[in-house]
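Geometric and topological summary
Listed below, chain by chain, are the residues.
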Amino acid sequence: MRSLNNFWTGKFSFYQRHKRGCRIVGILLAVYFIIRLFFTPPLLSDTHFSRVFYDRNGTLLRITLTPDDKYRIFAPLNEISKTLQRATILYEDKYFRYHPGVNPIALLRATKNYFSGAPHPAGASTITMQVARIKYNMDTTRPIGKLIQVLAAIYIDAFYSKDEILQAYLNLAPYGGNIEGIAAASQIYFHKAPVNITTIESITLSTIPQNPTKRGLNTASGIEHMQIMRNDLVRRWTNEYPDDVSSLETLSKMPLAAFGVHDLPFLAPHFINRQISHSNGKTNTTTTLDINLQTKLEKRLRTEIDRRKNIGIKNAAAILVNYKTMQELVHIGSVDYFDKSIYGENDGVTARRSPGSTLKPLIYASATDMGLIHSMTLLKDAKINFGVYAPENADNEFFGPVLARDALTHSRNIPAINLVRQIGTRRFYKTLTDCGVTGLKSPEHYGISVALGGAEVSMYELAGIYATMANLGQYNEIKSDIYAPTKKPTDVLSPEAFFIVLDMLSHQSTPTVKIPFTKNNTSNITHMWKTGTSSSYRDAWTAGIFGDYVLIVWVGNFDGTPNNAFSGAKAAAPIYFALADTIIDYYKSSNTPVQNNNFLRPDMNISQVDMCDTVGGLAGKFCPKTVSAYFIPGKSPIEISSVYRAIPIDNATGLRACSYNPQTTHMAVYEFWDSEYIDMFRRAGIKRNTPPPYVPGCNLNDMDETPDAIIITSPADATRIVITTPGDTAPISFNAICENSTAKIFWFLDDKTIGTTKSGETFRYEIPMGSHIVRAIDESGHGTSNKFSIIK
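Basis of the calculations
- Residues numbered from 1 in each chain as written.
- Predicted model: local features only at pLDDT ≥ 70, side-chain atom pairs only at ≥ 80, totals over all residues.
- Heavy atoms only, no water.
- pLDDT = per-residue confidence, 0-100.
- Contact = heavy atoms within 4.5 Å.
- Pairing = 2+ DSSP bridges.
- Helix = DSSP H or I, 4+ residues; strand = E, 2+ residues; numbered from the N terminus.
- Axes fitted to C-alpha atoms, helices over the stretch in contact; angles between N-to-C directions.
- Disulfide = S-S within 2.5 Å.
- Buried < 20%, exposed > 50% of the residue type's maximum accessible area, 1.4 Å probe, protein only.
- Phe/Tyr/Trp six-rings, centres within 6.5 Å; stacked < 30°, edge-to-face > 60°.
- Lys, Arg positive; Asp, Glu negative; His and termini not counted.
- Salt bridge = Lys/Arg side-chain N within 4 Å of Asp/Glu carboxyl O.
- Polar contact = N/O pair within 3.5 Å; in protein donor to acceptor, adjacent residues only side chain to side chain.
- Core = buried A, V, L, I, M, F, W, Y, C linked by side-chain atoms within 4.5 Å.
- Parallel < 35°, antiparallel > 145°, perpendicular 65-115°, else oblique.
- Left-handed = near helix turned anticlockwise from the far one by under 90°.
- Patch = residues over 30% accessible without salt bridge, like charges linked within 9 Å, V, L, I, M, F, W, Y side chains within 5 Å.
- Areas by Shrake-Rupley, 256 points an atom, 1.4 Å probe, with all protein chains shown as cover.
- Nonpolar A, V, L, I, M, F, W, Y, C, P; charged D, E, K, R; others polar.

1. Here we look at the confidence of the model for the protein
For the protein, the average pLDDT comes to 84, and 86% of its residues sit at 70 or higher. Confidence drops under a pLDDT of 50 for residues 509–515, and excluding neighbours within four residues, the segment shows twelve contacts in the predicted structure.

Below is the structure:
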């Protein structure tokens, strides 16, 4: 205890004797820490670096220029070869680890030589002094500039470690031309990362910063001057490291193989441009792109376009996404980035275009999720009229009754429009945004046109929609940075709805919808695909899912010039399958073959049942052919098909008997269709096996089947008609049908008689603005009504 007291007594006594000096030291320490905290000179924090992009396997895709037009890549010291660090210190500043930022002896010697007028005065710049000169853009050709450089070097050395200063130097030093920093130099000159360069390459690069104009490897004279100085450094190196004598003496005499800036890659340009525009500040990015597959698909796409130039097809774009990982693997923005005649620099993957019918699977998924349809629901593909707007199918024909799956795969417009009307444009609009579609106008702007491609989307967004379908309703953003965190997916509709739609798309079995022949289709790879053609033939699309992948193909012109050859089925689909072939071959050669996936999960509420082929509904006992189909129990509209029925036929006349009598009649199966369908068949010239008339004398009031009610086909119920011409009235088309084609139909508008027609006949009438009710009544007293409104 006494010794401890004596210790502190001695310390206090020392402080009393040197009070003034201790206070000065304390003040200096306080000033030092304040300066270090608030006034530490920046080394690299405010320096702009190039952005470097690699593919998923580490292949360099592009190095960008900095704002000051330099190739300058940041590399931390632990990613720079130790050999290069030692070679740089040996050549530039042998005592770097020991001096306080300046070498006093070298500085005195240089000062003496300067003032004595020596012809070739030796330099005294240390690595720290060079960092100060480069960082603060100093003019050190005059004594005052050199003095400021010395003070700045001491200042830097006081606040940074030697490793931090060396790291700054190796990231800022000039290596010839507009190449700065060892990472850029090693990558450009030797196509290597700075951690992988050899000893002779390290020695070569270490000699350049001292005189980058004369020793840069980007010119023949630069290489010649560099080799002279490299021989000197090799001699000094072998004195320090004798074990390297034999190898370095041999290598230093060999011709130098170096690349230049003109050899830098410029791969996947549209993809990298998008990465740059979505910059997150990262200097080094390992992307999800597979450049080997990208290159193969670019070549195949050019070949396919060259084959079609004679019909005016000059440009296309494609994107490939692995929907399981949501990683973008291929991004081809145009067939030729450098072709100005097709505006090749534009990126077709990110451009917004009318998607045609490629959004229809989402419409059918929405309808399935709402319990409106399943794959075997019978829909109506018939002429429909919304006042002044009468949409049609692409082939200007109508199928009449058509199964939902065939309406989707045949891309029938009218069934899709009717489904959107039932779904509601606002609800479908929300489904689009939930799938990642952005930049849309209000739902009212599109109305039912959204079913026909009225809402513009990008290929990137369309790939997201199809990936959501493949993931059974789980949406996630497409990743292009392999190390970007994966976000939690969000649910869109039900997995059962998407499963049923995928099953629809895989049934390309009808005669007019066949998969184009490709050699790999024989390998049983299932494609769930959809074509699309925009209005006036401006865009042709094919979007599909196979294996773990979503592939989108677009064909068209960036300036919007139409071409009748721009058909989704005839232009985009063959190219889609050609690219799919290349993808399948690529993964097969990589020992990761593409395989079909089973989308049916055990936890899904899905059942299978036999339904009546071609007419839908549960197969009754008279259905001639059944097919197994999926449905959602408790949601899908399931009922027994009543199209095929057995009725008694009079043996003598062949007419329909009033009742069954085993002695005079026999039972025969006929098709029973609604009057609207009967009218469709009649217009199309299609003969159906409908029942014959009753034998004379039957009391129809006692019959089970009564004639169907009249149906108004135009204007459709709940239609809003917009007047686009001057005036406050619009010419509206009126049309109704009933089972009796010769029946007279009486028309009433708001209880006022406006005309008379026969079944299927159309007449026009000028209707004023406002809300109206139209009624149609036939001679038998059967009637119906629709509501519509006219606005301006």
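Structure's up, so let's keep going.
2. As for the sheet that holds strand S14 (residues 528–533)
Across a sheet, paired strands are connected by hydrogen bonds in the backbone, their directions being either parallel or antiparallel. Strand order in the open sheet formed by five strands is S7-S6-S16-S15-S14, with antiparallel pairing between adjacent strands. A single partner strand is all that each edge strand has here, and the edge strands are strand S7 (327–332) and S14. When the angles between neighbouring strand axes are averaged without regard to direction, this sheet yields 10°. Judged from the six bridges that link them, S14 and strand S15 (residues 539–546) form a sheet pairing that is antiparallel.

3. A short note on the state of the cysteines
Here a disulfide denotes one covalent bond, and it connects the sulfur atoms of two cysteines. Tallied over the entire structure, the rule returns two disulfides. Put simply, Cys 612 and Cys 623 are joined by a disulfide, and their sulfur atoms are 2.0 Å apart. In this structure the cystine formed by Cys 612 and Cys 623 twists about its S-S bond by roughly 100°; its chirality is therefore right-handed. You can see Cys 612 sitting in strand S17 (residues 607–612) and its partner Cys 623 sitting in the loop between S17 and strand S18 (626–631), a full eleven residues away along the chain.

4. Focus: helix H8 (residues 182–190)
Counted residue by residue, H8 has nine buried out of nine residues, so it is predominantly covered. Positioned one or two residues after H8, His 191 has a phi angle of 55°, which is positive.

5. Structural notes on the packing of aromatic side chains
For the coordinates displayed, the defined rule picks out 18 aromatic pairs. Seen in terms of ring centroids, Phe 49 and Phe 74 are 5.4 Å apart; in terms of plane orientation they differ by 70°. Their pairing is edge-to-face. Placement of the pair is Phe 49 in the loop between helix H2 (19–38) and strand S1 (52–54) and Phe 74 in the loop between strand S3 (71–72) and helix H3 (82–92), with a sequence separation of 25 residues. Given the relative accessible area of 26%, Phe 74 is considered partly exposed. Here Phe 546 and Tyr 549 contribute two aromatic rings whose centre-to-centre distance is 6.1 Å and whose plane-to-plane angle is 50°, an arrangement assigned as tilted. Exposure remark for Phe 546: the relative accessible area of 0% places this residue in the buried category.

6. Some remarks on the side chain of Arg 274
If you trace the backbone, Arg 274 turns up in helix H13 (residues 269–277). Put simply, Arg 274 is tucked away with no salt bridge, and the nearest opposite charge, on Glu 328, sits 5.0 Å away. Here Tyr 460 takes part through its side chain, which lies 3.5 Å from a polar atom of the side chain of Arg 274. Among residues more than four places away in sequence, those in contact with Arg 274 are His 331, Thr 350 and Tyr 460.

7. Points about the pattern of salt bridges
Under the counting rule described, the total for this entry stands at 24 salt bridges. Among the ionic pairs, Lys 324 bridges to Asp 548, the shortest N-O distance being 3.2 Å. Of this pair, Lys 324 sits in the loop between strand S6 (316–322) and S7 while Asp 548 sits in the loop between S15 and strand S16 (549–556), and the two are 224 residues apart along the sequence. What makes Asp 548 partly exposed here is its relative accessible area of 22%. For Arg 405, the salt bridge is made with Asp 406, and the minimal N-O distance between the two is 3.6 Å. Taking the relative accessible area as the measure of exposure, Arg 405 reaches 11% and is therefore buried. Judged by relative accessible area, Asp 406 falls into the buried class, the value being 12%.

8. Some points on the nonpolar core
By size, the foremost hydrophobic cluster in this structure holds 68 residues, and its most contacted members are Tyr 364, Leu 432, Ile 465 and Ile 545. For this core, the leading source of residues is helix H20 (residues 459–470), giving nine residues. Sequence-distant contacts of Tyr 364, defined by excluding residues within four places in its chain, comprise Ile 373, Leu 379, Ala 404, Ala 407, Leu 408, Pro 415, Ala 416, Leu 419, Val 501 and Met 504. In this structure, Leu 44, Tyr 71, Met 138 and Phe 190 belong to the second largest nonpolar core, which totals 44 residues.

9. Regarding the pairing of S14
The buried fraction of S14 amounts to five of the six residues, a majority that puts the element mostly inside the structure. Following S14, the chain reverses through five residues before pairing antiparallel with S15; Ser 536 in that reversal takes a positive phi of roughly 65°.

10. A short note on the pairing of strand S28 (residues 783–791)
For strand S22 (residues 719–722) and S28, the ladder comprises four bridges, and the chain directions are parallel. Bridged to Thr 719 within S28 is Phe 788. Pairing of strand S27 (residues 770–778) with S28, which is carried by eight bridges, proceeds in the antiparallel orientation. Within S28, the residue paired with His 772 across the bridge is Phe 788.

11. Points about the packing of helix H14 (residues 291–307) against helix H22 (residues 568–589)
Running from N to C, H14 and H22 cross one another at 150°; their axes reach a closest spacing of 10 Å. Judged by the angle between their axes, H14 and H22 are roughly antiparallel. The way H14 lies across H22 gives a crossing that is right-handed. On the side of H14, the interface is formed by Asn 292, Leu 293, Lys 296, Leu 297, Arg 300, Leu 301, Glu 304 and Ile 305, while H22 contributes Ile 575, Ala 578, Leu 579, Asp 581, Thr 582, Ile 583, Tyr 586 and Tyr 587.

12. Side note on helix H23 (residues 675–684)
Summarising burial for H23: seven of the ten residues are buried, a large majority. Taken together, the buried positions of H23 are occupied by Ser 675, Glu 676, Tyr 677, Ile 678, Asp 679, Met 680 and Phe 681. On the buried face of H23, the contacting elements are strand S9 (378–381), strand S10 (400–403), strand S21 (711–714) and strand S23 (729–737). Where H23 ends, the next residue or the one after it, Gly 685, has phi of about 70°, a positive value.

13. Brief notes about a nonpolar patch on the surface
Where nonpolar side chains cluster on the molecular surface, the patch consists of Ile 144, Leu 147, Ile 148, Leu 151 and Ile 154 and spans about 460 Å² of accessible area. For Ile 144, the location among the structural elements is in helix H6 (residues 143–159).

14. Re the environment of Ala 316
Looking at the element boundaries, Ala 316 is found in strand S6. Look at Ala 316 and you get buried, because its relative accessible area is 0%. Each C-alpha atom of the pair Ala 316 and Phe 558 lies 9.5 Å from the other, and the pair is 242 residues apart in sequence. Sequence-distant contacts of Ala 316, defined by excluding residues within four places in its chain, comprise Leu 301, Ile 305, Gly 333, Ser 334, Val 335, Trp 554 and Val 555.

15. Description of the packing of H20 against helix H21 (residues 495–506)
Contact geometry of H20 with H21 gives a least axis separation of 8 Å together with a crossing angle of 105°. By the criterion of interaxial angle, the relationship of H20 to H21 is roughly perpendicular. Contact residues: Thr 468, Met 469 and Ala 470 in H20; Phe 498, Val 501, Leu 502 and Leu 505 in H21. Each residue belonging to the contact of H20 with H21 can be placed in one class, and the counts come to six nonpolar, one polar and no charged.

16. Some points on the environment of Cys 612
Residue classification places Cys 612 among the buried residues on the basis of a relative accessible area of 1%. In sequence terms Cys 612 and Phe 622 are ten residues apart; their C-alpha atoms lie 9.4 Å from each other. With residues near it in sequence (within four places) discarded, Cys 612 still touches Met 376, Gly 617, Leu 618, Ala 619, Cys 623, Pro 624, Lys 625, Ser 641 and Tyr 644.

17. Here's the deal with the environment of Arg 274
In this structure Arg 274 comes out as buried when scored by relative accessible area, which is 15%. Separated by 76 residues in sequence, Arg 274 and Thr 350 have C-alpha atoms that sit 8.4 Å apart.

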